[in-house]
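One-letter residues, chain by chain:
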Amino acid sequence: MRKKDELFPSFPSFFDDFLGRDLFNWNQSHFSSTGTTVPAVNIRETADAFEVEMASPGMRKEDFHIQLDENTLKISSQKQSVTEDKKDEHYSRREFSYQSFERTFVLPKDVVNEEGIQARYENGLLHLTIPKREEVKQKAPRLISIQ
């Protein structure tokens, strides 16, 4: 009995590479264990701060809960909506949805200026600016004169 590797030696690596890509693992990185989508996040580090953008259209700023515990940032949300549509006295339709997520990020230890954190929500994007402490900010190179 021949192994499949011997029959077509180049095909397994091609298919393993092709099927192992993120396109086919999309559900593992963009869905929670409950099957609901988890908002995508962009995190950018500058010399002065961390900037977080979270795509969450259809939410309101009141739906978010943002917490910083030491160097762990947790962004969560719970949203519930109920719609009732009465056609006549014998028929009623009630639909509800419940949406929740939680994203946790670990920031470098002893770097964040907790008092300066700012958050805003506009056009479906949650924006967080997390400033760094003065003592850890990158300083511009200093020129040293030769005497």
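For the structure itself, consult the block above.
What you see is a predicted model, and the numbers here were worked out from it, not measured in a lab.

Digging into the overall build of the chain
Looking only at helices and strands, the chain features three helices and seven strands. Reading the chain from its N terminus to its C terminus gives the helix and strand order α-α-α-β-β-β-β-β-β-β. Classification of the 147 residues of the chain by burial places 19% in the buried group. For the chain, contacts bridging at least 24 residues in sequence account for 49% of all contacts bridging at least 6. With the model as given, the accessible surface of the chain reaches about 12,100 Å², and the carbon-plus-sulfur share is 49%.

Regarding the pairing of strand β2 (residues 49-55)
Two elements, strand β1 (residues 41-45) and β2, share five bridges in a ladder whose sense is antiparallel. Note on β2: the bridge partner recorded for Val 41 is Met 54. Hairpin geometry of β1 and β2 is characterised by an intervening segment of three residues between the two adjacent antiparallel strands. The pairing of β2 with strand β7 (residues 125-131) spans seven bridges and is classified as antiparallel. Of the residues in β7, the one forming a bridge with Glu 53 is His 127.

A word on the environment of Asn 71
Tracing the sequence through the fold places Asn 71 in the loop between β3 (64-69) and β4 (72-88). Taking relative accessible area as the criterion, Asn 71 reaches 17% and is therefore assigned buried. Considered as a pair, Asn 71 and Val 106 are 35 residues apart in the sequence and their alpha carbons are 5.8 Å apart. Every residue in contact with Asn 71, bar those within four places of it in the chain, is listed here: Phe 105, Val 106, Leu 107, Pro 108 and Lys 109.

Quick notes on the pattern of salt bridges
Once the charged atoms of two side chains with opposite charge are near each other, the side chains can pair. Using the criterion set out here, one finds five salt bridges in the structure. With its nearest N and O atoms 3.3 Å apart, the salt bridge here joins Asp 63 to Arg 60. Among the residues examined, Asp 63 registers a relative accessible area of 9% and is labelled buried. A salt bridge links Glu 122 to Arg 120, with the shortest nitrogen-to-oxygen separation between them at 3.5 Å. Take Glu 122: its relative accessible area is 38%, and that puts it in the partly exposed class.

Scoring rules and cut-offs
- Residues numbered from 1 in each chain as written.
- Predicted model: local features only at pLDDT ≥ 70, side-chain atom pairs only at ≥ 80, totals over all residues.
- Heavy atoms only, no water.
- Helix = DSSP H or I, 4+ residues; strand = E, 2+ residues; numbered from the N terminus.
- Buried < 20%, exposed > 50% of the residue type's maximum accessible area, 1.4 Å probe, protein only.
- Contact = heavy atoms within 4.5 Å.
- Areas by Shrake-Rupley, 256 points an atom, 1.4 Å probe, with all protein chains shown as cover.
- Pairing = 2+ DSSP bridges.
- Salt bridge = Lys/Arg side-chain N within 4 Å of Asp/Glu carboxyl O.

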